[in-house]
Structures are given as C-alpha cells and as structure tokens.
Amino acid sequence: MAQFKAHSVLPGFNLALGYTLLYLSLIVLVPLSALFFKTAALGWAGFYDIASSDRVLAALRVTFVTSFAAAVTNAVFGLVVAWVLVRYRFPGKKLVDAFVDLPFALPTAVAGITLATLYAPNGWLGQYFAAHDIKVAYTPLGIVVALTFIGLPFVVRTVQPVLADVEAEVEEAAASLGAGRWDVFRRIIFPAIYPALLTGFALAFARAIGEYGSVIFIAGNMPYISEIAPLLIVAKLEQYDYAGATAIAVLMLLISFALLLGINALQWWSSRKGAR
Amino acid sequence: MSAQALQRKIATHESRGVTLALILLALTYLILFLGVPLYAVFYQAFSKGWALYWEALKEPDALSAVKLTVIAAAISVPANVVFGVAAAWAIAKFEFKGKSLLITLIDLPFAVSPVVSGLIYVLLFGAQGWFGPWLQAHDIKLIFAVPGIVLATIFVTFPFIARELIPLMQAQGKEEEEAAVSLGASGWQTFWRVTLPNIKWGLLYGVILCNARAMGEFGAVSVVSGHIRGLTNTMPLHVEILYNEYNFVAAFAVASLLALLALVTLGVKSLIEWQARRSGEPLHGTH
C-alpha cells in the first residue's frame, strides 16, 4: 500500500493535521455544502428559473461590467504606481508605498460612506463631475469608483516584486544594441511583468465581484440599473426567499471558482515562464 | 560624457520629463483614490466640532458596537491563530498526499463573497435552516445574535494566518526542528523554543491583518446580525445605521475610529516589515 505520509522524526503530525481538518470542516466545508444541498433541493428547473430571471441577469451584468471596468482601471494605474515605486526615487516614497495597502486595512463600510459623500453631486469631487452633467454617485459609475478603491493594492503588489527582479543587464544590452526606451519597455520589461499584471488584474476582478460593503452606499441600488448581485442576495434574504438567495450565491460561487482556477493557472504559467 | 554613454543612458532610463509625468500621474491617482477619502473621513467626523464628535462616540449604542467588535475580533483572531499554526505545522513540516488540495481549501473563504459567507450560516442555523428547529427547541439563538457574528467573522478571516505562515515555514525547512528533536527536545519544547521564534514576525504580520479584517468586516456580519441596536451591531454596522438615518456626523465619528484602526494597522505592518528586514529574518516565504 502506498504511504499516505512520508516518514519524519518530527512529532505532532496527527494532532496538527487532525485539528486542521476538523476546523476546516466545521467552519468552511460543512457550511459551504449547505449552499449546494439547498440548491439541489430546488432542482434544475427551479435553479434555472431563478438564475435566468431578468433581475438576476441584470444584477450579474452590472456586477461583472463594473468589476471589469474597475480591474482594468487598476491594471493601468496600478502598473504606473508599481513602476514609479520600483524605479524612481522621490521624497515620501516609503510613506506612499505603505499607503497603497490602505484599502486592505480600511473597513469597506467606511470606504463606502466616504466615497458616496465625496462623489455625491454636491460632494468635494462629485461637484466637478456634476458641472459637466456627469453623475457618479448612485449610478454604475459610482460602483466602478468603489470597486477601483478596494482593488487598488492588488495590481501594485503583484507587479512590484516582479518589476524589481527585471535585470538591468538585459535592458542595458538591448539599449547598447540600439533599442530605444519604448522598445525596451515593450519588448523586454512588459513581457516579463505581463503574467504578474494579469494575476493582479484577476485578483482585483475576483475581489470586486463579491464586494458588498463599499458598493451599496454609492450605488443607488436601483434594480436592473445599479443593483449588484451580492445586494440582490441580501434583498432576497430580507424577503425570506432563502432558495432565491442561495441560487444566486451558488451561481456567484461557481463563477468565483472558475476565476480562482484561472488565477492558479496563470500563476503556474508565470512561474514556468520565470523558470525558463 | 561621451556620445555613446549618453545614448545608453537614454535607453535605460526615461527622460526627466517622462519620469516626472509618471510620478505625478501615480501620485495624483493615489491622492484621489486614497488620500482624499482618508482625509474626508476625519474632516466629516469633526465638521461640527469636537463636542458632537465626542457625543457620538460615548453614546451607549456606539459603545456597545465597539464592545461587540472587540469581542468578535478577540475570539476570531486567536481561533485562527491556533488553526493557522496547526495547518502550517502539518503542511510545512511533513510530506503527505493531498497537500495542495488542502492549501486550496484553506484559501476558499477568500473566493467567497462576504454576503455568501453570512448566508451559509443562516442556511445552517437560521430559523428555517438545517439546525434551526433543534436550536429553537433548545432555546439557543445563533443567528441574529452574537455567536453568528463571531462565526461569520471567523469564516471571512479564516485564511489570513495560515496563508502567511505556510509559505514562511516551508521556506524555513525543518532542519532546525529535526536537530532539536534529535537532541532530545519534546514536540512542544521544539515548537516554543525553535519554531515560534523563527516565525514570530510572520505570525504577528498575519495577526495584524486578520484583526483589521475582523474588526472591519461588514457584508458577512450584516447578513447574520439582524441589526439590533445596542445588541448585535458591530462598529461597521453601526456606521451604516447612522448613515442611513442621515446622522452623518455620528456615522463619520464612528467611521473615524475604524479609519484610525486602519492607520495603526498600516503603521504596525510597516514596523514589522522594517523590524524583520533589520533582524535579517524573512517575513514572507518565497511564493
């Protein structure tokens, strides 16, 4: 019989693994399985009815479109921020670097009410948009703003270490062979950091899809227009429509898992590229 | 500088103009998305003066929200520390089958929307849930009560410590522990005297981030809380209620405490990074 565990002189394996599996099952696996049993009780027809209803489809569309827009924004500006933090020196750089993680540390509800206040038509930032007849708060654009905030650190933090590892010799070699600065970036630096950029993008995207706290204050939450999928789950729960809430949750989970698999594949791909 | 050297300099560095423009672009983006909101929280909180700010914080409902938030964090962080250390010990120090599946499962709560994290406990322990009737028969209330809030908080912060410790302990290997054991140390002695000193910065780092999330969690807690003022409201939920009542000064006053927590978190995090660099001990494993 093949051995389950390789021999080791260290003690505590059974206790540590046993406790890990017990805790994992009690806190994560059993509760999550409730979701699938509840959905299974609905049957395919019931699940399909809920999943294909106009309001659910609209909420999923709003969620995905705004999450994608926010992740793209962060990919572009996150790359610039990472570039500046790795390559240039300027006063206060360490402080700026530390502050990039603010969205990880600031509770989402605080971000939500603050952004809603700032981007309201009479808010500090919203007034400038209002002057051009653009409404930010209480529209899908407001959702993009909130999702951009919460996803900001992902791209910066994934690109930063990879960019720092790009060897100056390769750039110098290319330059000495006559490549211009833009060519060097396009042909040497960008291909090196591209997998990390994609990973950061995917992480920001995945986080945005599930986000709730920072969005609901600024979104306006109009069904079909600015209602996100997590909010629809809460709305169904408040009407005691547990089956409906569960079906949407399962739908979102399946999508998140697909994304997680994609992220893992990306990381595998980029580590293979790095090893080459 | 010879013409050739100048040429090389140009192709390995951006021109001054481009450099300056990029720095300005990055700083503008960060100021607009991070700086202005952070300033706005404190500005709004103090916009009607210290007296009203103070009033909002010492109000009984606000105090009970602070208390509940501290309780939830004080239970969930230690629970996840014990789990994180156990999981990292098993995964980093031993070879066994199914290890990568286990690591993926530990990460699972990060892939779940906070709202769904709350929903699963409602499905289990709510009035209509699996254990609902049994709990009701025994007069135990988990959902719309403090235990539900603690459970939801544990779930959303579940991977924080394990995820920090696993790569760190994997990178450190097991030679030191094996040496200690072969010299006659017991398992616990080995852990307390050899492993723990090696992972202390990584552990502290995980604790800080775990605590920030535990105290700030909104979505998951919102679903299981029932929003009973003075009883099942955490600070973020209290912020929501005040904001929806158009009591902006009070909402931002409570929010400013949470923003302060965020700033302290960032400060301590930088301090740990600095301290770990200075002592030459790695903080993160090689991913």
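The shown structure was predicted, so the numbers you read here are calculated from the model rather than taken from an experiment.

Thresholds, definitions, all that
Residues numbered from 1 in each chain as written. Chains lettered and ligands numbered in written order. Predicted model: local features only at pLDDT ≥ 70, side-chain atom pairs only at ≥ 80, totals over all residues. Heavy atoms only, no water. Helix = DSSP H or I, 4+ residues; strand = E, 2+ residues; numbered from the N terminus. Buried < 20%, exposed > 50% of the residue type's maximum accessible area, 1.4 Å probe, protein only. Contact = heavy atoms within 4.5 Å. Areas by Shrake-Rupley, 256 points an atom, 1.4 Å probe, with all protein chains shown as cover. Lys, Arg positive; Asp, Glu negative; His and termini not counted. Charge placed at Lys NZ, Arg CZ, Asp CG, Glu CD. Buried area = accessible area lost by both parts, 1.4 Å probe. Salt bridge = Lys/Arg side-chain N within 4 Å of Asp/Glu carboxyl O. Polar contact = N/O pair within 3.5 Å; in protein donor to acceptor, adjacent residues only side chain to side chain. pLDDT = per-residue confidence, 0-100. Core = buried A, V, L, I, M, F, W, Y, C linked by side-chain atoms within 4.5 Å. Expected span 1.5 Å × (residues − 1). Patch = residues over 30% accessible without salt bridge, like charges linked within 9 Å, V, L, I, M, F, W, Y side chains within 5 Å. Arc of directions from axis to C-beta. Axes fitted to C-alpha atoms, helices over the stretch in contact; angles between N-to-C directions. Parallel < 35°, antiparallel > 145°, perpendicular 65-115°, else oblique. Left-handed = near helix turned anticlockwise from the far one by under 90°. Nonpolar A, V, L, I, M, F, W, Y, C, P; charged D, E, K, R; others polar. Phe/Tyr/Trp six-rings, centres within 6.5 Å; stacked < 30°, edge-to-face > 60°. Lys NZ or Arg CZ within 6 Å of the ring centre and 35° of its normal.

Observations concerning the overall build of chain A
Here is step 1 of the chain: For chain A, the count of helices and strands is 12 helices and 0 strands.
Here is step 2 of the chain: Along its sequence from the N terminus, chain A presents helices and strands in the succession α-α-α-α-α-α-α-α-α-α-α-α.
Here is step 3 of the chain: When its C-alpha atoms are laid out on the principal axes, chain A stretches across 75 × 70 × 35 Å.
Here is step 4 of the chain: Counting all 276 residues of chain A, 52% fall into the buried class.
Here is step 5 of the chain: Pairs at least 24 apart in sequence give 74% of the contacts found in chain A among residues at least 6 apart.
Here is step 6 of the chain: When the accessible surface of chain A is split by element, carbon and sulfur atoms take 66% of a total near 12,700 Å².
Here is step 7 of the chain: Taken as two groups, the 18 positive and 15 negative side-chain charges of chain A have centres that lie 4 Å from each other.

Structural notes on the interface of chain B and chain A
Here is step 1 of the chain: Across the contact, 89 residues belong to chain B and 90 residues belong to chain A.
Here is step 2 of the chain: Buried area between chain B and chain A, both sides added, is near 7,900 Å², and the carbon and sulfur share of it is 81%.
Here is step 3 of the chain: Seen at the junction of chain B and chain A, the total is 2 salt bridges.
Here is step 4 of the chain: A salt bridge links Asp101 of chain A to Lys269 of chain B; the shortest N-O distance between them is 2.5 Å.
Here is step 5 of the chain: Put simply, chain B and chain A have 11 residue pairs in polar contact (both at pLDDT 80 or more) between them.
Here is step 6 of the chain: Here the element with the most residues in the side of chain B that touches chain A is helix α2 (residues 16-45) of chain B; it accounts for 19 residues.

Considering the confidence of the model for chain B
Here is step 1 of the chain: Across chain B, the average pLDDT comes to 92, with 95% of residues at or above 70.
Here is step 2 of the chain: Complex prediction metrics read pTM 0.92 and ipTM 0.91.

Brief notes about the nonpolar core
Here is step 1 of the chain: With 185 residues, the main nonpolar core has Leu35 of chain A together with Ile106 of chain B as its most contacted residues.
Here is step 2 of the chain: Examining the composition of this core, we find that 15 residues originate from one element, helix α4 (residues 60-93) of chain B, more than from any other.
Here is step 3 of the chain: Dropping the residues within four chain positions of it, Leu35 of chain A is found in contact with Thr246, Ala249, Val250 and Leu253 of chain A together with Val116, Leu119, Ile120 and Leu123 of chain B.
Here is step 4 of the chain: Residues Tyr205, Ile208, Ile272 and Leu283 of chain B belong to the second largest nonpolar core, which totals 6 residues.

Considering helix α6 (residues 114-125) of chain B
Residues and elements named next belong to chain B.
Here is step 1 of the chain: If you check α6, its first and last C-alpha atoms are 17 Å apart, about what 12 residues at 1.5 Å a residue would give, namely 16 Å.
Here is step 2 of the chain: Of all 12 residues making up α6, 12 are buried, and the element is well covered by its neighbours.
Here is step 3 of the chain: What α6 keeps buried is the set Pro114, Val115, Val116, Ser117, Gly118, Leu119, Ile120, Tyr121, Val122, Leu123, Leu124 and Phe125.

Description of the pattern of salt bridges
Here is step 1 of the chain: Enumeration over the complete set of coordinates arrives at 17 salt bridges over all chains.
Here is step 2 of the chain: Taking the shortest distance from any N to any O, the salt bridge between Arg157 of chain A and Asp97 of chain A comes out at 2.8 Å. Here the residue Arg157 of chain A occupies a position in helix α7 (residues 140-165), and Asp97 of chain A occupies one in helix α3 (residues 93-99), the gap between them amounting to 60 residues.
Here is step 3 of the chain: Between Glu273 of chain B and Lys269 of chain B there is a salt bridge, with the nearest N and O atoms lying 3.7 Å from each other. On the criterion of helical spacing, the pair formed by Glu273 of chain B and Lys269 of chain B is a turn pair, its members being 4 residues apart in helix α14 (residues 248-279).

Side note on a nonpolar patch on the surface
Here is step 1 of the chain: Together, Tyr19, Leu22 and Leu26 of chain A together with Val82 of chain B give the surface a local cluster of nonpolar side chains, amounting to about 370 Å² of exposed area.
Here is step 2 of the chain: No other element matches the 3 residues that helix α1 (residues 13-51) of chain A contributes to the nonpolar patch.
Here is step 3 of the chain: Summarising the element assignment, Val82 of chain B is placed in helix α4.
Here is step 4 of the chain: Assessed through its relative accessible area of 47%, Val82 of chain B is described here as partly exposed.

Overview of the environment of Pro114 of chain B
Here is step 1 of the chain: Among the structural elements, Pro114 of chain B can be located in helix α6.
Here is step 2 of the chain: Judged by its relative accessible area of 12%, Pro114 of chain B falls in the buried class.
Here is step 3 of the chain: Sequence separation between Pro114 of chain B and Val223 of chain B is 109 residues; the distance between their C-alpha atoms is 9.0 Å.
Here is step 4 of the chain: In contact with Pro114 of chain B, other than residues within four places in its own chain, are Gly210 of chain A together with Arg213, Glu217, Gly219 and Ala220 of chain B.

So, helix α3 (residues 50-58) of chain B
Residue and element names in this part refer to chain B.
Here is step 1 of the chain: The set of residues buried in α3 consists of Tyr53, Ala56 and Leu57. Mapping the buried residues of α3 onto a view down its axis gives an arc of 95°, with all of them on the same face. Residues of α3 that are exposed and point more than 90 degrees away from the buried face comprise Ala51 and Trp54.
Here is step 2 of the chain: In this structure, the buried residues of α3 make contact with α2, α4 and α14.

A few points about the packing of helix α2 (residues 54-87) of chain A against α2 of chain B
Here is step 1 of the chain: Where α2 of chain A meets α2 of chain B, the closest approach of the two axes is 9 Å, and the angle between their N-to-C directions is 125°. Between α2 of chain A and α2 of chain B, the angle falls in the class oblique. The interaxial crossing formed by α2 of chain A with α2 of chain B has left-handed handedness. In contact with Thr73, Asn74, Phe77, Val80, Val81, Trp83 and Val84 of chain A of α2 of chain A, α2 of chain B contributes Leu22, Ile23, Leu25, Ala26, Tyr29 and Leu30 of chain B.
Here is step 2 of the chain: Within the contact of α2 of chain A with α2 of chain B, the residues separate by chemical class into 11 nonpolar, 2 polar and no charged.

Remarks on the packing of aromatic side chains
Here is step 1 of the chain: With the rule as written, the count across this model stands at 40 aromatic pairs over all chains.
Here is step 2 of the chain: Ring geometry for Phe104 of chain A against Phe154 of chain A: centres 5.1 Å apart, planes inclined by 75°, an arrangement best described as edge-to-face. Residue Phe104 of chain A is located in helix α4 (residues 102-105), and its partner Phe154 of chain A is located in helix α7; the two are separated by 50 residues in the primary sequence.
Here is step 3 of the chain: Phe154 of chain A sits in the buried class, given a relative accessible area of 14%.
Here is step 4 of the chain: Each ring, one from Tyr29 of chain B and one from Phe33 of chain B, has its centre 5.1 Å from the other, and the planes form 50°; the classification is tilted. With a gap of 4 residues between them, Tyr29 of chain B and Phe33 of chain B both fall in helix α2, about one helical turn apart. The same class applies to Tyr29 of chain B as to Phe33 of chain B, namely buried.
Here is step 5 of the chain: Feature note: the residues Tyr212 and Phe217 of chain A together with Phe218, Tyr243, Tyr246 and Phe248 of chain B constitute an aromatic cluster, connected by ring pairs.
Here is step 6 of the chain: Positioned over the ring face of Trp83 of chain A is Arg87 of chain A, at 4.8 Å from the centre of the ring.

Topic: the confidence of the model for chain A
Here is step 1 of the chain: The predicted model of chain A averages 91 in pLDDT, with 97% of residues at 70 or higher.
Here is step 2 of the chain: Predicted confidence in chain A is weakest over helix α12 (residues 242-275) of chain A, with a mean pLDDT of 81, and strongest over helix α5 (residues 108-119) of chain A, with 97.

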